[in-house]
Amino acid sequence: VQLVESGGGLVQPGGSLRLSCAASESMFVIYTMGWYRQPPGKQRELVASINVHGRPDYTDSVKGRFSISRDNAKNTMYLQMNSLKPEDTAIYYCNADPPDPDFASWGQGTQVTVSS
């Protein structure tokens with residue numbers, strides 16, 4: 001499966017962005033999926049996940065600000081990011097949670113920069 005992230009950009013603190021993750025195959029629908037991010041100079045971390053029934057889970061630093069969703073009919077997952085902070089600056093990736101090399105390799109990601 002190929003995963004393609006989009007929707008990143010430059011935004012001011014307090015702003016919003018909506019990221020999309022498009023999967024090339026319907027196998028997407030049987031996986032718990034996650035949004036990960038890798039800040040400059042740091043390791044990649046899981047920030048949000050959503051299971052096959054649509055139940056979301058978030059890391060503490062984004063709770064109340066980010067919202068994950070999926071549209072299985074479109075093989076697409078989303079991340080609505082509100083009240084963005086400079087510390088949210090990172091490359092954002094999507095993949096299975098946990099990552100499964102038999103499902104998909106990492107895509108290019110989409111850059112999110114929060115700066116005034």
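Everything below is about the structure printed above this text.
Residues numbered from 1 in each chain as written. Predicted model: local features only at pLDDT ≥ 70, side-chain atom pairs only at ≥ 80, totals over all residues. Heavy atoms only, no water.

Could you give an account of the packing of aromatic side chains, naming the residues involved and the relevant values?
Applying the stated criterion across every chain yields a total of three aromatic pairs. For the ring pair Tyr36 and Trp106, a centre distance of 5.0 Å and an interplane angle of 90° mean the geometry is edge-to-face. Of this pair, Tyr36 sits in strand 4 (residues 33-38) while Trp106 sits in the loop between strand 9 (90-96) and strand 10 (110-114), placing them 70 residues apart in sequence. The exposure class of Tyr36 is buried, given its relative accessible area of 6%. Ring centres of Tyr93 and Trp106 lie 5.9 Å apart, and the angle between their planes is 80°; on these two criteria the pair is classed as edge-to-face. (Phe/Tyr/Trp six-rings, centres within 6.5 Å; stacked < 30°, edge-to-face > 60°. Helix = DSSP H or I, 4+ residues; strand = E, 2+ residues; numbered from the N terminus. Buried < 20%, exposed > 50% of the residue type's maximum accessible area, 1.4 Å probe, protein only.)

Which residues make up the pairing of strand 7 (residues 66-71), and what values go with them?
Only one face of strand 7 is buried, namely the one carrying Phe66, Ile68 and Arg70, since none of Ser67, Ser69 and Asp71 on the opposite face is buried. Relative to strand 8 (residues 76-81), strand 7 is paired through six bridges, and the arrangement is antiparallel. Bridge assignment links Phe66 to a residue of strand 8, and that residue is Met81. Between strand 7 and strand 8, which follow one another and run antiparallel, lie four residues, and Asn75 among them has a positive phi close to 50°. (Pairing = 2+ DSSP bridges.)

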